[in-house]
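# Structural features, examined
One letter stands for each residue in the lines below.
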Amino acid sequence: MFILKGIDQLEKAIAKAKKIRPRVEFDRFGRYRVSGSKGYYTVICRKDERGYKTVACTCKGAERGLACYHAAAALSLHIGLARQKPSA
Ligand SMILES: [Zn+2]
């Protein structure tokens with residue numbers, strides 16, 4: 001899990017996601033499944049109780065606090081959806 005502070009933090013992960021082009025499946029708002037080298041990973045984007053945007057992924061990299069390309073791929077969908085939500 002990592003805290004999303006800015007898009008520059010995701011630069012490398014976004015570049016990797018663009019190259020690998022993982023499949024992103026919508027589960028529900030804030031919850032996505034992203035294809036990876038060993039099957040699907042679940043990415044959860046949410047705001048914690050302090051108002052920080054947190055991104056969690058079930059892969060090994062994210063477990064160590066790294067911004068992985070699964071998270072970057074899921075976030076691009078999540079941000080698009082959040083913009084469409086009138087309450088967000
Ligand atoms: Zn990941």
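For every chain, the first residue of the written sequence is number 1, and numbering continues from 1 onward in sequence order. Where totals are concerned, whole chains, interfaces and linings use all residues; where local detail is concerned, this predicted model gives features only for residues with pLDDT of at least 70, and gives and counts side-chain atom pairs only at 80 or more. To get the side-chain values, take all heavy atoms of the structure and skip hydrogens and water.

This next bit is on the packing of helix H1 (residues 11-20) against helix H3 (residues 69-84). Axes here mean lines fitted to C-alpha atoms, for a helix over just the part in contact, with angles spanning 0 to 180 degrees between N-to-C directions. Each helix is a run of DSSP H or I of at least 4 residues and each strand a run of E of at least 2, with the numbering of both proceeding from the N terminus. Contact geometry for H1 and H3: axes closest at 8 Å, N-to-C directions at 85°. Considering their axes alone, H1 and H3 lie roughly perpendicular with respect to each other. Of H3, the residues touching H1 (which contributes Ala13, Ile14, Lys16, Ala17 and Ile20) are Tyr69, Ala72 and Ala73. Its residues assigned to classes, the contact of H1 with H3 shows 7 nonpolar, no polar and 1 charged. The labels follow the angle: roughly parallel below 35 degrees, roughly antiparallel above 145, roughly perpendicular from 65 to 115, and oblique for the rest. Whether two residues touch is decided by their heavy atoms; if any such pair falls within 4.5 Å, the residues are in contact. The residue classification treats Ala, Val, Leu, Ile, Met, Phe, Trp, Tyr, Cys and Pro as nonpolar and Asp, Glu, Lys and Arg as charged. All others, Gly included, are polar.

A separate point is the packing of aromatic side chains. Any two of the Phe, Tyr and Trp rings considered here, Trp counted by its six-membered ring, make a pair once their centres fall within 6.5 Å; the pair's planes then place it as stacked at under 30 degrees, edge-to-face at over 60, or tilted in between. All chains considered together, the criterion is met by 1 aromatic pair. Each ring, one from Phe26 and one from Tyr32, has its centre 5.9 Å from the other, and the planes form 55°; the classification is tilted. Three exposure classes are used, based on accessible area relative to the maximum for each residue type with a 1.4 Å probe and protein chains only: buried under 20%, partly exposed in between, and exposed over 50%. Overall, the relative accessible area of 0% leaves Tyr32 in the buried class. By the criterion adopted, a ring carries a charge over it if an Arg CZ or a Lys NZ lies within 6 Å of its centre and within 35 degrees of its normal. Over the aromatic face of Tyr40 sits the side chain of Arg33, whose NZ or CZ is 4.7 Å from the ring centroid.

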